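# Chain and residue survey
Spelled out, the chains give:
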Amino acid sequence: MIVNSLSLCYHNKLILAPMVRVGTLPMRLLALDYGADIVYCEELIDLKMLQCKRVVNEVLSTVDFVAPDDRVVFRTCQREQSRVVFQMGTSDAERALAVARLVENDVAGIDVNMGCPKEYSTKGGMGAALLSDPDKIEKILSTLVKGTSRPVTCKIRILPSLEDTLNLVKRIERTGIAAIAVHGRERKEEEGERDRNISDDRESLIGCLLHAFYWGLNPQPRKREERPQHPVSCETIKAIAETLSIPVIANGGSHDHIQDYLDIEDFRQATAASSVMVARAAMWNPSIFLKEGLRPLEEVMQKYIRYAVQYDNHYTNTKHCLCQMLREQLESPQGKLLHAAQSSREICEAFGLGAFYEETTRELDSRRAEFLARTPEEAEEPAEDTSGVIKMAVKFDRRAYSPQITPKTCLLEWCRREKLAQPVYETVQRPLDRLFCSVVTVAEQKYQSTLWDKSKKLAEQAAAIVCLRSQGLPEGRLSEESLSLHKRKREAPDQDPGGPRAQEPAVPGELCKKPLVTLGSGKESPLEGW
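These lines cover the structure that appears in this document, whether it is placed above or below. A quick note: this is a predicted structure, and the numbers were derived from the prediction, not measured.

At a minimum axis separation of 10 Å, helix H6 (residues 162–173) and helix H9 (residues 234–243) run at an interaxial angle of 40°. Classified by the angle between their axes, H6 and H9 sit oblique to one another. Crossing handedness for the pair H6 and H9: right-handed. Judged by residue contacts, Leu-162, Thr-165, Leu-166, Val-169 and Lys-170 of H6 engage Thr-236, Ala-239, Ile-240 and Thr-243 from H9.

This brings us to the packing of helix H5 (residues 134–147) against H6. Interhelical geometry of H5 versus H6 gives an angle of 25° and a closest axis separation of 9 Å. By the angle between their axes, H5 is roughly parallel relative to H6. The way H5 lies across H6 gives a crossing that is right-handed. In this structure, H5 uses Pro-134, Asp-135, Ile-137, Glu-138 and Leu-141 to contact H6, whose residues at the interface are Leu-168, Arg-171 and Ile-172. Across the contact of H5 with H6, the residue classes tally to five nonpolar, no polar and three charged.

The next subject is helix H13 (residues 315–326). Under the 1.5 Å per step criterion, the end-to-end length of H13 is 16 Å for twelve residues, consistent within 8% with the ideal 16 Å. Within H13, ten of the twelve residues are buried, which leaves the element mostly enclosed by the surrounding structure. What H13 keeps buried is the set Asn-317, Thr-318, Lys-319, His-320, Cys-321, Leu-322, Cys-323, Gln-324, Met-325 and Leu-326. On its buried face, H13 sits against helix H1 (25–33), helix H11 (280–284), helix H12 (297–310), helix H14 (333–340) and helix H15 (344–350). With its phi angle positive at about 50°, Arg-327 sits one or two positions after the end of H13.

Another point: the nonpolar core. Of all hydrophobic cores here, the largest spans 115 residues; its most connected members are Met-49, Phe-86, Ile-180 and Phe-289. Element by element, the count of residues in this core is highest for H12, at eight residues. Shared between two domains, this core takes at least three residues from each, and those domains are domain 1 (13–189 + 230–293) and domain 2 (296–376). When residues no more than four places from it in sequence are discounted, the contact partners of Ile-180 are Cys-154, Ile-156, Val-169, Ile-172, Leu-244, Ile-246, Pro-247, Val-248 and Ile-249. If you look at the next biggest cluster of nonpolar residues, it comprises 22 residues, including Ile-390, Val-440, Ala-463 and Leu-473.

Here we come to helix H3 (residues 93–103). Along H3, the residues that are buried comprise Ala-93, Arg-95, Ala-96, Leu-97, Val-99, Ala-100 and Val-103. If you check the start of H3, you find a side-chain oxygen 3.1 Å away from the backbone N of Glu-94, and it comes from Asp-92.

On to the packing of aromatic side chains. According to the stated counting rule, one finds four aromatic pairs in the structure shown. Consider the rings of Phe-74 and Phe-86, whose centres lie 5.2 Å apart with planes at 80°: the pair is edge-to-face. Of the two residues, Phe-74 sits in strand E6 (residues 72–77) while Phe-86 sits in strand E7 (residues 84–89), which places them twelve residues apart along the sequence. The two residues Phe-74 and Phe-86 agree in class, both being buried. Counting every residue linked through ring pairs, the aromatic cluster contains Phe-65, Phe-74 and Phe-86.

With respect to the helices, strands and loops of the structure, Tyr-447 is situated in strand E17 (residues 445–449). Put simply, Tyr-447 and Cys-467 are 20 residues apart on the chain and 5.6 Å apart in space, counted from C-alpha to C-alpha.

Inspection of every chain in the model, using the stated rule, returns 20 salt bridges. A salt bridge links Asp-453 to Lys-395, with the shortest nitrogen-to-oxygen separation between them at 3.3 Å. Of the two residues, Asp-453 is situated in the loop between E17 and helix H18 (456–470) and Lys-395 in the loop between strand E14 (389–392) and helix H17 (407–417); the sequence distance between them amounts to 58 residues. Residue Asp-453 is classed as buried on the basis of its relative accessible area, which comes to 5%. Lys-395 sits in the partly exposed class, given a relative accessible area of 28%. When the shortest N-O distance is used, the salt bridge between Arg-417 and Glu-413 registers 3.1 Å. Of this pair, Arg-417 and Glu-413 both sit in helix H17, four residues apart, which is roughly one turn of the helix. On the basis of relative accessibility, which here comes to 39%, the residue Arg-417 falls in the partly exposed class. Look at Glu-413 and you get partly exposed, because its relative accessible area is 28%.

What counts and how
Residues numbered from 1 in each chain as written. Predicted model: local features only at pLDDT ≥ 70, side-chain atom pairs only at ≥ 80, totals over all residues. Heavy atoms only, no water. Axes fitted to C-alpha atoms, helices over the stretch in contact; angles between N-to-C directions. Helix = DSSP H or I, 4+ residues; strand = E, 2+ residues; numbered from the N terminus. Parallel < 35°, antiparallel > 145°, perpendicular 65-115°, else oblique. Left-handed = near helix turned anticlockwise from the far one by under 90°. Contact = heavy atoms within 4.5 Å. Nonpolar A, V, L, I, M, F, W, Y, C, P; charged D, E, K, R; others polar. Expected span 1.5 Å × (residues − 1). Buried < 20%, exposed > 50% of the residue type's maximum accessible area, 1.4 Å probe, protein only. Core = buried A, V, L, I, M, F, W, Y, C linked by side-chain atoms within 4.5 Å. Domains from an automatic or database assignment. Polar contact = N/O pair within 3.5 Å; in protein donor to acceptor, adjacent residues only side chain to side chain. Phe/Tyr/Trp six-rings, centres within 6.5 Å; stacked < 30°, edge-to-face > 60°. Salt bridge = Lys/Arg side-chain N within 4 Å of Asp/Glu carboxyl O.

Put into structure tokens, the structure is as follows:
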């Protein structure tokens, strides 16, 4: 294992807080530009990360962690490597360690979210739900400290009782973590009671889905009831700082204390904390970290957009972050242009950066063409491994197939016509990320997709595709002529299925055009009926 020798210090630091849909690469780089010492990524769920593959993006000069659907879940770059902290949402020590080992060579630190009170997090036993289970907290943090090469931290909220809060943080300190971030507000009591006895394994998946759904909505201004209703407790954070020997990072001051750079130091002194973590004040204007004072919002937003285009940030995320910066100016002419924008190009045009967009996209396209010329795309050909299983990297995309004709039904029908035994599927589930992989056996030959899928049915369809494609058989895709033939037959309701046409022999001239296949026994046969 490659071990990065970089060490992260949490004393006397200005820190960008983890914020969902805000803490993506463009915002992190912008915060570093304006003086932040450490930047946290948005909370990323362990189950989602465990599905990802690490990819070096030579076009963007980034390292991407890419989901099976090709969506980039986490993107980072060399510039922030020594100062970015990866925050995860988790409720399981082994999953947490697996994620930490996946990303540790590309980040400076690992953090566990134990403070988020939102339902999408607590419903999975993650976030603030962990505060009611100190044993689980201890197991997760101890496992991470012992198993990863990066400094480990966590972010918590205070408990209703100061005594309970101090007992918890002392127990957390004993796990060996490098620092602790404390949001100086309580988690709502009713949420704690509701989520206290959640089963973490099954509910973590539900939480992950809720997380994706909740933050997949269109960008909207923060609702009044979602804003902090109680002042941050500087006294509690101070008591924690005076109790512990590890650095304490104060968080939660944006609403009551932090309006400009000088306020950050005032908040640090009021809490006696080693460092300060800024969330909403930095979301509204990342130049909050600048000693010289806040920069004009127009300048900040243009700089953010430039990073978003340069690093191919999805336009919906860019739009969301810009909406948070505009706030009360959303009804301005520029705000209305932003709200109407449906692409990165339109966002750039709304801020007078149309020429920059064109120039940057041309440059990226040129890099991409150069990269593809150096590494031509490999053909999707089947390969037989040492165990005799024919494998291909394929997935089943429902949108490409008719509901009535799937790869499995095509394979089954072909086996019946060839008087072969029915296909046999053997499917296994990987415990760590709960993904499925299936092997189908046809005529004593095994076929398998190398890509794991989120359900047993999808994995079986993928295995069927491997078999069909490796033998040159139709698989029922909407683009295949065989599908239109079946559709025409279904759309003739007045025809008697047992009538003369159904009993007509196939035209000999058609058979000679169909491919010949070899399965197991080596026997060749025409694909009658296709």
